[in-house]
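A structural walkthrough
For reference, the chains in residue letters:
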Amino acid sequence: MIQLTDIHKSYTVGNKQVQALKGVTLNVEKGQIFGVIGFSGAGKSTLLRTINLLEKPTSGSVVVNGQNMLSLKEKDLRNARKKIGIIFQHFNLLSSYNVFDNVAEILRMNRVPKDVIKKKVEDLLRLVGLEDKANSYPSQLSGGQKQRVGIARALATDPEILLCDEATSALDPQTTESILELLLDINRKFNLTIVLITHEMQVIKKICDNVAIMENGVVIEQGSVLDIFSNPQQQTTKNFIKTIFDDNVPSEIVDNIKQSGPAAKILRVAFRGDAALDPVLGTLSARFPVSTNLLYGSITSIKGTALGILLLHISGEEKDVEAGIQFLRDSVYNVDIVSREGGSN
Amino acid sequence: MERLAEMIPVFGQSLQETIIMVGFSLVIATLVGIPLGILLVITQGNHLFPNKWIYHTLNTIINVVRSLPFIILMVAIIPFTELIVGTSIGIEGAIVPLIVYTAPYISRLMETALHDVDRGVIEAYQAMGASRTQIIFRIMLREARPGIVLCLTIATIGLIGATAMAGAVGAGGLGDLALRYGYQSWDIEVMVITVVILVVLVQLIQSLGNWAARKLKKSS
Ligand SMILES: Nc1ncnc2c1ncn2[C@@H]1O[C@H](COP(=O)(O)OP(=O)(O)OP(=O)(O)O)[C@@H](O)[C@H]1O
Ligand SMILES: [Mg+2]
């Protein structure tokens, strides 16, 4: 649905060059919810805005729905954009129009007949749960309600893609939750492809299928959310995941483990909901002369699939520990050795 | 007091002349100033129609005109005024410099009003595939309405001040009245009454403008 290939973007500020994107390649499938996460200034907004060419890349190719966006004439680009909705952190609603007109205006611009507009806007307002607010002005709405208007407006042109630039960053956790529910709902109802950027791992965890982690203008890691959560490779990714699984091992414990023998290790074990964990741990201690000790355990749902993370302290003879780890590797989703010499990660 | 009663038609006449001059120049200056104000905004760096050349030319001309006091501008463009209306005195003779004086002022104020339209909103409509003309006329001008009303209010008040000076070319109006009776004949009463009328007029216009802007501003 969306193919971004080797996107570079630099800005000239004064006489300095700022490289916002340094060769980003992404592929978003139809019907996916694709999340992009990164710290402030990583280049997320710039990347999102190259999809509808609000930002023209310095080099690289942008293909949306089979169309090479960079080769389109102004008029064709405008038509292509009608199929790409967008919502913003600060909503960007028209303050001089009421809710109905905020949604209707783009349809009027597209010369849609009046009665069709009326029906369409009413349907959309019902979809986002604002049917009783049609005559209110944006200033009379809460943040969550404003974002609902934004979503209704973005859907007015029947887009196939919805871009969300930190759509929930200005909202409190509960409102965020309800907006994410709504996005998930429309993703399923209309098989709408959604690309959303955020700096909250919660958002990714809750609704995304795939995720890309950005840092300094490059994607440092990408894949399915379940894979990334189970087996993160990059430090930044690990840090983001720590906001959900706070599995830092206190240093006193690490010191204790150091003293319990050279073969002692701390393992980060990721298991999925379907893997029966109890028998695995039981078998481990029955079959191998090792002692295990649970340091941390947490389970969370990632878009419907349960993902558990355990920190396990394992000790014993070196060869037994190795064999035990191998057994675990064969039995659960992923095993990472957090500390070899007992140092905390 | 009796003499003042006699003066009422004179005040009425002057007020009428002021209103004609202000009204006429305001309409034309607005028709010229608003498009120029739009141009000033959309030709800037990363706006809808970036064009350095148009922007800098316009910007310079407006700055030059705006730096001249009205009385000097009026004298300086006498040949132009004569070319346009055939005379440089009387009401017609005053209206041309009043327009030349006010149009750049309005375009500057318009620039500010249009600049206040949230870039994010403009971007939202660009992203939805609206054309640039649609964005100017259906988004920017509409969103800026409260600002535009205030801008025209300020311009009107500025025009009243300039009109008073136009008395110097025998254009009539309240300024001329104050000048003739007050300055030349030292008739304090007439001068005071003229001042009072001017103050009331300005107050009325400002209040009307504020009220209209508030009406239009459904937000905040
Ligand atoms: N119009 C611009 N002119 C100059 N530099 C820009 C411009 N837009 C973005 N940048 C720079 O590009 C880099 C990436 O910016 P971007 O807005 O994409 O980051 P972001 O990941 O969205 O951050 P945030 O989470 O704060 O929104 C930053 O260093 C920023 O300063
Ligand atoms: Mg951003």
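An unreviewed UniProt entry annotates chain B as ABC transporter permease of Brevibacillus nitrificans. Taken directly from UniProt, the Sequence similarities (unreviewed entry) text for chain B runs: "Belongs to the binding-protein-dependent transport system permease family. CysTW subfamily." We quote the UniProt Subcellular location (unreviewed entry) comment for chain B here in full: "Cell membrane".

In the nomenclature of an unreviewed UniProt entry, chain A corresponds to D-methionine transport system ATP-binding protein from the organism Brevibacillus centrosporus. According to UniProt, the comment filed for chain A under the heading Sequence similarities (unreviewed entry) is "Belongs to the ABC transporter superfamily."

Notes on the sheet that holds strand 9 (residues 210-215) of chain A
Residues and elements named next belong to chain A. Reading across from one edge, 6-7-8-3-9-10 is the order of the 6 strands in this open sheet, with mixed pairing throughout. What marks the edges here is a single partner per strand, and that holds for strand 6 (84-88) and strand 10 (218-224). Shown here is a sheet whose adjacent strand axes are inclined to one another by a mean of 15°, direction ignored. As defined by bridge partners, strand 6 adjoins strand 7 (residues 161-165) across 5 bridges and the pair is classed as parallel. Bridged to Ile 84 within strand 7 is Ile 161. Relative to the sheet, helix 1 (residues 44-51) contacts strand 3 (33-38), strand 6, strand 7, strand 8 (193-198) and strand 9, its axis offset from that of strand 8 by approximately 160°. Strand contacts of helix 6 (residues 173-190): strand 3, strand 6, strand 7 and strand 8, with the helix running at about 165° to strand 7, the strand carrying the most contacts.

Details of the environment of Gly 173 of chain B
Residues and elements named next belong to chain B. For Gly 173, the position within the fold is in helix 9 (residues 173-184). The buried category is assigned to Gly 173, whose relative accessible area is 1%. Between the C-alpha atoms of Gly 173 and Glu 17, which are 156 residues apart in sequence, the distance is 4.7 Å.

Cut-off values and rules
Residues numbered from 1 in each chain as written. Chains lettered and ligands numbered in written order. Predicted model: local features only at pLDDT ≥ 70, side-chain atom pairs only at ≥ 80, totals over all residues. Heavy atoms only, no water. UniProt positions renumbered as here; feature names shortened; annotations may be inferred. Pairing = 2+ DSSP bridges. Helix = DSSP H or I, 4+ residues; strand = E, 2+ residues; numbered from the N terminus. Axes fitted to C-alpha atoms, helices over the stretch in contact; angles between N-to-C directions. Contact = heavy atoms within 4.5 Å. Buried < 20%, exposed > 50% of the residue type's maximum accessible area, 1.4 Å probe, protein only.

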